[in-house]
Amino acid sequence: MSRSVVYARRAAATVALGVLAVGCQDTAREEAARTGTPPPSPTASASTAPSPSPVATTAANTAEVCREVDRVILAGSRRIATDSAASVTRDLTGEQVADQLRRNLAELADDVRAQARQAADPEIRALIEETADRIDAGSRASRPAAWMDSTFTGIPPKLTRECRA
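Residues numbered from 1 in each chain as written. Predicted model: local features only at pLDDT ≥ 70, side-chain atom pairs only at ≥ 80, totals over all residues. Heavy atoms only, no water.

**Student:** Tell me about the environment of glycine 76, and name the residues and values.
**Tutor:** Among the secondary structure elements, glycine 76 is positioned in helix H2 (residues 54-89). Along the backbone, glycine 76 and valine 112 are 36 residues apart, and their C-alpha atoms lie at a distance of 9.6 Å. (Helix = DSSP H or I, 4+ residues; strand = E, 2+ residues; numbered from the N terminus.)

In structure tokens form, the structure reads like this:
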């Protein structure tokens with residue numbers, strides 16, 4: 001089996017795991033929205049009464065921005081998986097597969113960074129910018145498929161924990 005096939009399959013498998021993780025994140029948020037019960041949070045406030053203060057506005061924007069970041073990462077993960085699978089049939093070299101993966105990751109980082117600019121909460125903006133920077137690091141990695149195995153799969157769970165209203 002050629003190295004390009006191995007790299008492409010590894011990248012596709014990694015992306016599939018990432019897509020599943022993001023999908024689980026979306027399900028948890030949808031369940032919380034249906035029941036009106038927020039998911040458990042180590043930083044949850046002691047007050048359960050909604051407040052008409054600017055914090056409520058920020059929280060609403062945070063939920064929207066976090067959902068959009070999830071959507072962007074999911075769409076980018078699907079694009080990476082599709083391109084990786086297609087590279088197998090085109091018999092690309094390992095370097096060609098890596099270059100394609102780098103381009104996809106750079107585009108994904110730009111898309112995530114665009115969402116950071118929408119966040120009203122400075123902490124959420126910083127979290128999303130950090131996420132974009134981490135994805136950008138993958139676009140510059142000498143072995144982006146290995147980067148995905150070691151780093152990309154940790155991004156959706158981190159967002160699930162930290163990107164919330």
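**Student:** Could you give an account of the environment of glutamate 95, with specific residues and numbers?
**Tutor:** On the secondary structure map, glutamate 95 appears in helix H3 (residues 94-116). The class for glutamate 95 is partly exposed, based on a relative accessible area of 45%. (Buried < 20%, exposed > 50% of the residue type's maximum accessible area, 1.4 Å probe, protein only.)

**Student:** Which residues make up helix H6 (residues 155-162), and what values do they have?
**Tutor:** The periodicity of an α-helix, 3.6 residues per turn, causes residues three or four positions apart to be oriented the same way. Regarding H6, the residues found buried are Ile155, Pro156, Lys158 and Leu159. The buried residues of H6 occupy an angular sector of 160° when projected down its axis, which confines them to one face. (Arc of directions from axis to C-beta.)

**Student:** Which residues make up the packing of aromatic side chains, and what values do they have?
**Tutor:** Scanning the model with the defined rule gives 1 aromatic pair in all. Centroid distance tryptophan 147 to phenylalanine 152: 6.1 Å. Interplanar angle 50°. Geometry classified as tilted. With relative accessibility at 10%, the residue tryptophan 147 sits in the buried group. (Phe/Tyr/Trp six-rings, centres within 6.5 Å; stacked < 30°, edge-to-face > 60°.)

**Student:** Give a detailed account of the state of the cysteines, specifying residues and quantitative values.
**Tutor:** Disulfides are covalent bonds that connect the sulfur atoms of two cysteines. Inspection of every chain in the model, using the stated rule, returns 1 disulfide. At a sulfur-sulfur separation of 1.8 Å, the disulfide partner of cysteine 66 is cysteine 163. Torsion about the S-S bond of the cysteine 66 and cysteine 163 cystine: about -90°, corresponding to left-handed handedness. In this pair, cysteine 66 is assigned in helix H2 and cysteine 163 in the segment after H6, connecting sequence segments 97 residues apart. Residues cysteine 66 and cysteine 163 agree in their burial class; the two are buried. (Disulfide = S-S within 2.5 Å.)

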